[in-house]
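Coordinates in review
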Amino acid sequence: MKTITLIIPVLMFLINTGICKSQEIAPKNRDAVYAGESITLENDQIKMIFYKRQSGQQKDQVSGWSWAELYGPDEQGNLSKYVGILDHFGEVDIEGHVHPLRMDAADYKLEKDENGTKLIFDLAMQIPEEACMVWDNYVAVKGKATFYLPKDKPLIQYNVKVKPDFTVYYRSVRGPWLRVGAFDFGAEKDDAIFCGMEWLIDKEWSSSIDFLSPELALRITPHPRKITAPVMAVSYDGLAVGLSWDPLLGSVDELNRIYNPQPVFASPNFIDKRNEHILGLMFPSGGMGMDENSLKASPALRMPRKGIEFNAQISVVKGKSLDAVVNWVQQNGLPDPGKQRFGKAEVLEKMAEAYASHFWEEGKGWKYHKKHSIGLFHGTAWYLSLAVNGEIREKPTYFVPDFINYYLKTGKNKQLKSSLKKKVKWCYSQGYYQKRISKSKKIKGFPTMFDWYTDKELRQYGDEILAWQAEDGNFLFDPHKRHYTDHGPKADAYRPLGHTGESVLDFNMTSSILLLTIGECLQDDKYIQAAKKALDISMPLERPEGGDWWETPLHAPNFYTAGWAAMAYSLGHQFFEEEKYKTRSAHFLKSMLPFTYLWQTKAFPMVYHTNPVFGGTGWRYMAWTDRCVHWEAISLIDLSIQMGIDWSKIDKDIDWNKYQKGAIFTGMRLLADHTNQKWCVHSEDVNDEFKAGKMDMYVADTFDPVAYTYGGLGVKIPPDALANCIIHFLKK
């Protein structure tokens, strides 16, 4: 084995710059012949060892520096814990050759600045091992790979450019290709996240039929606009390795209309049938240049003369996959919410006009009369049925949205205010109302719906919730009674969405919120202690599950549950003053990030839209990895406002005020308006009712990030929760 002798002053200089040759570590890679030379980039948090490959026998073969292996800190902080292999610096699969060819480097250059260290490799395509007369063994594609190690961050920046010397056609070009666990812990993992697509735990496979039907399940290379954030990760034994990338890289393939690099995710690596995980990037992209969930273009595409480029970051952080996602957010920041569609006064005026006209039903009120739940938020009967464990209240409630009272105080349109005053007066004359105030100050505010129920009704409802609770504190799934929906029996023909008696985080969290709130209203500790029992039994759970139980698989990773859990544990902290609850609350706030669009293209305004669930409706109807539902995010923010729960005080690692503002701007984009031609073009529901203005200001139920269309206006979701958010966050 070749060794490199360095005198001590030179050695110390190299260590201080992030380069170390002083300690030889044998490579794990069994798919390469090691030439005995290595060089290491490392700081206090991450280490990448670059290895030289044994030269081949082909006389023109360019060989040498070829792959790298990645290490993170062990329990003592030493960079000795192996996490995976960077299989190559780049790889091209071009016409004229029977298999993909690696990009290797004969040598490297070292550059240093005050912030870190850079390794630069001039790359050349392999000469194939088979007898080949193509271009007389001329190296058709060359390039450059750059690895930059900041001195104080747990990441390595990766850039590779490949460029043809003349016209060639490519089936694929691969950039970073991380084989996590290869030749060591293999396919073992604690969890894995592919933002917008997957949140796996334990032995679960990616692209499995756990939460999607077979025809919807494959997600190795989904359309890039289905990815909510350009980051993916796998964790094992206390470390998470992440791969993130620039989704808007300037040197994309405009010739072939390919605008975004393609992430590749397989856990375990069923692509190559290997005992490991794959985090990778490639061109072309699914839906742009090749079919979704393929790995090659067919037919091959002309490689742009300017070449193909990848910008990525490879990170290793302590914790699990969510910690890698959070690290990416902290390194890059949350995106700018952009320009809001309406001014505050304008949008509230439009909403008031809708409430004074087509939202109102004479003798019935603002369409809250059918099966109105006591609920945790307000809106249409469709999503009010999502109260604790699906219990639906049959009692009519003549509810007045907070927004209406706000407009009556601040609105300028006297005629509109007069119309609304009459409607409000009628509502208050129909039923019970009192303003709820916390006596012990354990709750900073109550959900507005609590103002419309008597103490007797609250006690009756609280006792019903207690009756549902199992002895250990869990609230269990009951698909044939209180959790019955039409989707359940239909799904049973294929496979059940869930089984009787299963526990799920969402039921425990929504139940806890209601029990704590009812207990505070009635000053009755039995409800409060029952809530604590549910909070405690759920402490080990880390993946949010269950919030869209009425139509999707019970244990599918779920955005709504993340929000409910964040609020439930925040209330738990307020009541019991135990720090563990605040920690859990912060965790579940962060759990919303993999479901949230944190990037967008120039032509497609996607930022801050939210995927509801990494699963499908009734197995076969719709893959929610393909579409967004945003009223859930708005309802969570609205309820937090009503109850005085400040996300920015729960978790200071993320700018949650910016997140909420972004979600509100996105909510405005979802408001229907038949007078806006641009909105009509992107609406899936341009029918006679829409054209007559009878759907104006309803919130679209869905957004398709690939087709750029809004749909689901037939659900008729009113905008009062969004109005409350606008009033609260847009002060000026």
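Quick caveat: nothing in here was measured; it's all calculated off a predicted structure.

Each value, and the rule that gives it
- Residues numbered from 1 in each chain as written.
- Predicted model: local features only at pLDDT ≥ 70, side-chain atom pairs only at ≥ 80, totals over all residues.
- Heavy atoms only, no water.
- Axes fitted to C-alpha atoms, helices over the stretch in contact; angles between N-to-C directions.
- Helix = DSSP H or I, 4+ residues; strand = E, 2+ residues; numbered from the N terminus.
- Parallel < 35°, antiparallel > 145°, perpendicular 65-115°, else oblique.
- Left-handed = near helix turned anticlockwise from the far one by under 90°.
- Contact = heavy atoms within 4.5 Å.
- Nonpolar A, V, L, I, M, F, W, Y, C, P; charged D, E, K, R; others polar.
- Buried < 20%, exposed > 50% of the residue type's maximum accessible area, 1.4 Å probe, protein only.
- Pairing = 2+ DSSP bridges.
- 1 Å grid on protein atoms, 1.4 Å probe; cavity = no way out; pocket = protein on both sides within 12 Å on 5 of 7 lines; lining within 4 Å.
- Points joined across faces, edges and corners; volume = space filled by probe spheres on them.

**Regarding the packing of helix α16 (residues 656–669) against helix α19 (residues 720–729)**
It is the contact of α16 with α19, at a shortest axis distance of 10 Å, that shows an interaxial angle of 135 degrees. Relative to α19, the element α16 lies oblique. As α16 packs across α19, the resulting crossing turns out to be left-handed. Residues N657, Q660, I664, G667 and M668 of α16 lie in contact with α19, whose contacting residues are L722, C725, I726 and F729. Class assignment for the residues of the contact of α16 with α19 results in six nonpolar, three polar and no charged.

**Looking at the pairing of strand β4 (residues 65–72)**
Across a regular strand the side chains alternate sides, sitting on one face of the sheet and then on the other. Of all eight residues in β4, eight are buried, a share of seventy percent or more. Inspection of the sheet shows strand β3 (residues 47–53) paired to β4 by six bridges, in the antiparallel sense. Bridged to K52 within β4 is W65. Alignment of β4 against strand β5 (residues 81–86), held across five bridges, turns out to be antiparallel.

**As for α19**
Within α19, eight of the 10 residues are buried, leaving the element largely enclosed by the surrounding structure. All buried positions along α19 are accounted for by D720, A721, L722, A723, N724, C725, I726 and I727.

**With respect to the environment of A217**
Structurally, the position occupied by A217 is in helix α2 (residues 214–217). By relative accessible area, which is 2% here, A217 ends up buried. Each C-alpha atom, one on A217 and one on T625, is 9.8 Å from the other, the two residues being 408 residues apart in sequence. When sequence neighbours within four positions are dropped, the list of residues in contact with A217 reads S207, S208, I209 and L212.

**As for empty space enclosed by the protein**
According to the stated counting rule, one finds five cavities of 30 Å³ or more in the structure shown. Counted as a void, the second largest cavity has a volume near 60 Å³. Here the residues of the lining of the second largest cavity are counted per class, giving seven nonpolar, one polar and four charged.

**With respect to unusual backbone geometry**
A negative phi holds for most residues other than glycine; trans holds for most peptide bonds. Cis rather than trans, the peptide bond between S267 and P268 has omega equal to -5 degrees. Topologically, P268 is positioned in the loop between β16 (262–266) and β17 (277–283). With an omega of 5 degrees, the peptide bond running from S298 to P299 counts as cis. By secondary structure assignment, the location of P299 is in the loop between β19 (289–290) and β20 (301–302). In this structure, N293 takes a positive phi of about 60 degrees despite not being glycine. One can find N293 in the loop between β19 and β20. For M697, which is not a glycine, the phi torsion comes out positive at approximately 75 degrees. Position of M697 relative to the elements: it lies in the loop between α18 (688–691) and β24 (702–704).

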